[in-house]
Amino acid sequence: MRIVASLTVLAVAGGLASFGLRSESAGPQWQALRAQFSDQEWARLLRTADLPAPSDPTNKVFHDDAAFRLGRALFYEKRLSGNGELSCASCHDPARDWTDGKALAVGLEQVDKHTPSLWNSALNRWQFWDGRADSLWSQALQPIEHPKEMGGNREEVAELVLTDPDLRALYLEAFGPAPQELSATLTAERVFVQVGKALAAFEGRILTAATPFDQFVSGLQTGDPEDLAALDPLAIVGAKLFFGEAGCHLCHHGPLLSDMEFHDVELPREGAPEPARHAGVGRLLTDPFNGRGQHSDDVEAGRERLAYLNRTPHQRGEWKTPGLRNVARTAPYMHNGVYASLDEVLEHYSTLSDAPARSHTDAKRVLEAGQFDGSQLQALKAFLQSLSSPPPPSELLPPLDSDS
Ligand code: HEC
Ligand code: HEC
């Protein structure tokens, strides 16, 4: 009886109107699990279900198949780079879960950031560790011209796309003939933006499939004993910690296990915090390729998203909360690649022993050392490992005639 009552409350709170499970009809396995979690932990678990479908009104070809095909060719195209040797996939390698396995990225030179995985990046609210881009298409333009990453430029990229026979054919299918009436500079810029939008159409399909954890959550909803058995007991203990006592859910929640916000998790550092999100907001607002700029396909939508952005000093040292799907396969970790393994990450959250000294006036602190014992650390790790989905499908791998 108690269970039915609390489920009704949850159904209202979580908008789960279709939540049909009643304690009488659920099996003993479900009953035992239900008793293991508090109402809040249970609700947080259920809120991880159903990855939303990505969309981007500022990119009208986001869902277009021809743009996807062009984007796939471009993603693996090394001639976008200054030296002809680097493609997006050089750092975002599908065989390495769309990252590079390095602490810090290496393009033409070493970059001062760790390469994030592209799994589900289409569902990010903001792109980059400091959130300085508001769409996948505007994001994609930056690495191409970044002197330490690909070191290319828009004029040469436009020239390549409009003259190489294969790319030109794909381009024409996606966008039709390049505008004739524009100056060379404007044409290059227009085509460059279209390159970004096609890359975004490709990246929009890099979405994780269901994991053992998702199967388990589905079991919590339906009572299906097979689904409930998908998660091993240690990972269940880890999930309870993650969504309860350990407080991980404060920042890692919802289907992506990210709040899409920016925080300082007190990684080891020397000196003052970096500008981080503080600089990111500044760059986003002045980016000529942002969602309210002339290249956006929905300036109004772009304007709305940027309207409520504030720049405040406490954003210094704050980086984006990464989603945690496939996290077990994307070491090293953090914006600066400081931790080589999940064990090191968990050790940090457990002790904060490597955190910078705290000042008494630091009002924004959220983290407390979790003081996890050995079995809790193992449980949290088992939970994180249960978030691994199958490898990318072949439609996302390099086209057959590519050598990248
Ligand atoms: C030299 C390695 C390198 C290359 C080449 C590269 N990237 Fe990245 N990528 C990075 C790094 C490092 C970051 C994080 C940079 C930052 O946040 O300041 C990043 C960030 C991103 C993000 C943001 C993801 C997130 O979660 O915020 C996307 C999307 C992305 N890259 C796509 C691309 C595309 C598309 C290309 C090709 C046009 C590309 N990258 C080329 C290293 C690279
Ligand atoms: C205050 C918000 C907050 C809390 C609480 C929090 N995290 Fe994080 N987490 C973040 C942010 C922000 C980052 C990225 C930090 C950076 O790179 O500077 C991160 C990074 C991570 C990463 C690395 C992901 C990657 O791809 O690099 C893992 C794993 C992780 N957190 C797990 C946990 C676990 C487990 C807990 C609970 C013990 C937890 N987090 C608690 C905000 C939080």
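Basis of the calculations
Residues numbered from 1 in each chain as written. Chains lettered and ligands numbered in written order. Predicted model: local features only at pLDDT ≥ 70, side-chain atom pairs only at ≥ 80, totals over all residues. Heavy atoms only, no water. Domains from an automatic or database assignment. Contact = heavy atoms within 4.5 Å. Buried area = accessible area lost by both parts, 1.4 Å probe. Salt bridge = Lys/Arg side-chain N within 4 Å of Asp/Glu carboxyl O. Polar contact = N/O pair within 3.5 Å; in protein donor to acceptor, adjacent residues only side chain to side chain. Nonpolar A, V, L, I, M, F, W, Y, C, P; charged D, E, K, R; others polar. Near = heavy atom within 4 Å. Helix = DSSP H or I, 4+ residues; strand = E, 2+ residues; numbered from the N terminus. Donors = N, O, S within 2.8 Å, 3.2 Å for Na, K, Ca; no water. Tetrahedral: all angles 85-135°; square planar, octahedral: opposite > 155°, others 65-115°. Buried < 20%, exposed > 50% of the residue type's maximum accessible area, 1.4 Å probe, protein only. Axes fitted to C-alpha atoms, helices over the stretch in contact; angles between N-to-C directions. Parallel < 35°, antiparallel > 145°, perpendicular 65-115°, else oblique. Lys, Arg positive; Asp, Glu negative; His and termini not counted. pLDDT = per-residue confidence, 0-100.

1. Quick look at the domain arrangement of the chain
Phase 1: Segmentation of the chain into domains returns domain 1 (27–54 + 209–274 + 321–404) and domain 2 (65–206).
Phase 2: On a C-alpha basis, the centres of domain 1 and domain 2 stand 29 Å from each other.
Phase 3: Across the boundary between the two partners, domain 1 contributes 33 residues, which contact 31 residues of domain 2.
Phase 4: Where domain 1 abuts domain 2, roughly 2,600 Å² becomes buried across the two surfaces, and 63% of that area is made up of carbon and sulfur atoms.
Phase 5: At the junction of domain 1 with domain 2, the criterion picks out 2 salt bridges.
Phase 6: One salt bridge in this structure joins Asp97 and Arg329, with 2.8 Å as the shortest N-O distance.
Phase 7: At the junction of domain 1 and domain 2, the tally comes to 6 residue pairs in polar contact (both at pLDDT 80 or more).
Phase 8: Here the side of domain 1 that touches domain 2 is built from residues that sort into 18 nonpolar, 8 polar and 7 charged.

2. Some words on the site of ligand 2
Phase 1: Around ligand 2, a shell composed of 24 residues is seen, among which Cys248, Cys251, His252, His335 and Tyr349 lie nearest.
Phase 2: Take His335: an N or O atom from its main chain is 2.7 Å from an oxygen atom of ligand 2.
Phase 3: Interatomic distance of 2.7 Å between a side-chain N/O atom of Tyr349 and a nitrogen atom of ligand 2.
Phase 4: Top contributing element to the shell around ligand 2 by residue count: helix H15 (residues 342–351), with 4 residues.
Phase 5: Tallied by class, residues from the shell around ligand 2 come to 18 nonpolar, 5 polar and 1 charged.

3. Concerning the site of ligand 1
Phase 1: Lining the immediate environment of ligand 1, one finds 27 residues, of which Cys88, Cys91, His92, Phe128 and Lys320 sit closest.
Phase 2: In the model, a nitrogen atom of ligand 1 is placed 2.9 Å from a nitrogen or oxygen of the His92 side chain.
Phase 3: Asn124 is positioned with one of its side-chain polar atoms (N or O) 3.0 Å from an oxygen atom of ligand 1.
Phase 4: Counting residues per element, the ones that place at least two in the shell around ligand 1 are helix H5 (88–91), helix H6 (136–145) and helix H9 (184–203).
Phase 5: Looking at the shell around ligand 1 element by element, the count peaks at 5 residues for H6.
Phase 6: Of the residues belonging to the shell around ligand 1, the class tally is 14 nonpolar, 8 polar and 5 charged.

4. Quick notes on the coordination of the iron atom of ligand 1
Phase 1: On the protein, His92 (NE2) is the one donor atom to the iron atom of ligand 1, at 2.1 Å.
Phase 2: Of note, His92 is situated in the loop between H5 and H6.

5. Here we look at the coordination of the iron atom of ligand 2
Phase 1: Here the iron atom of ligand 2 is held by His252 (NE2) and Tyr349 (OH), and the distances to it run 1.9 to 2.1 Å.
Phase 2: Metal-centred angles of 87 to 179 degrees between the 6 donor atoms at the iron atom of ligand 2 mark the site as octahedral. Here His252, found in the loop between helix H12 (233–242) and strand E1 (262–263), pairs with Tyr349, found in helix H15; they are 97 residues apart in sequence, far enough to count as distant.
Phase 3: According to the relative accessible area criterion, Tyr349 is partly exposed, its value standing at 21%.

6. Observations regarding the packing of helix H4 (residues 65–75) against H9
Phase 1: At a minimum axis separation of 7 Å, H4 and H9 run at an interaxial angle of 95 degrees. By the criterion of interaxial angle, the relationship of H4 to H9 is roughly perpendicular. Residue-level inspection shows Ala67, Phe68, Leu70, Gly71, Arg72, Leu74 and Phe75 of H4 in contact with H9, the latter providing Val195, Ala198, Leu199, Ala201 and Phe202.
Phase 2: Per-class residue counts for the contact of H4 with H9 are 10 nonpolar, 1 polar and 1 charged.

7. Brief notes about the side chain of Thr208
Phase 1: Here Thr208 shows up in the loop between H9 and helix H10 (212–222).
Phase 2: Here Thr208 falls in the buried class, since its relative accessible area comes to 9%.
Phase 3: Setting aside chain neighbours within four positions, we find Thr208 in contact with Leu51, Trp119, Asn120, Arg325, Asn326 and Ser389.

8. Considerations on the side chain of Asp227
Phase 1: By the element assignment, Asp227 lies in helix H11 (residues 225–228).
Phase 2: Summary of buried charges: Asp227 has no salt-bridge partner, and the nearest side chain of opposite charge, Arg325, is 14 Å away.
Phase 3: In this structure the side chain of Asp227 is engaged in a polar contact, spanning 3.1 Å, whose partner is the side chain of Gln215.
Phase 4: Once residues within four sequence positions are removed from consideration, Asp227 is found in contact with Gln215, Phe216, Ser218, Gly219 and Thr222.

9. Quick word on the confidence of the model for the chain
Note: predicted coordinates in regions of low pLDDT should not be interpreted at a detailed level.
Phase 1: Overall, the predicted model of the chain reaches an average pLDDT of 92, with 91% of residues at or above 70.
Phase 2: Considering only residues more than four positions removed or in separate chains, one finds that residues 1–20, a stretch of pLDDT under 50, has 26 contacts.

10. Observations concerning the pattern of salt bridges
Phase 1: A full pass over the atoms with the stated rule returns 16 salt bridges.
Phase 2: We note a salt bridge from Arg125 to Glu261, for which the minimum N-O separation is 2.9 Å. Highlighted residues: Arg125 in the loop between H5 and H6 and Glu261 in the loop between H12 and E1, separated in sequence by 136 residues.
Phase 3: Residue classification places Arg125 among the partly exposed residues on the basis of a relative accessible area of 37%.
Phase 4: When the shortest N-O distance is used, the salt bridge between Arg154 and Glu145 registers 2.8 Å.
Phase 5: Judged by its relative accessible area of 25%, Glu145 is partly exposed.
Phase 6: Salt bridges sharing common partners tie together Glu77, Arg79 and Asp164.

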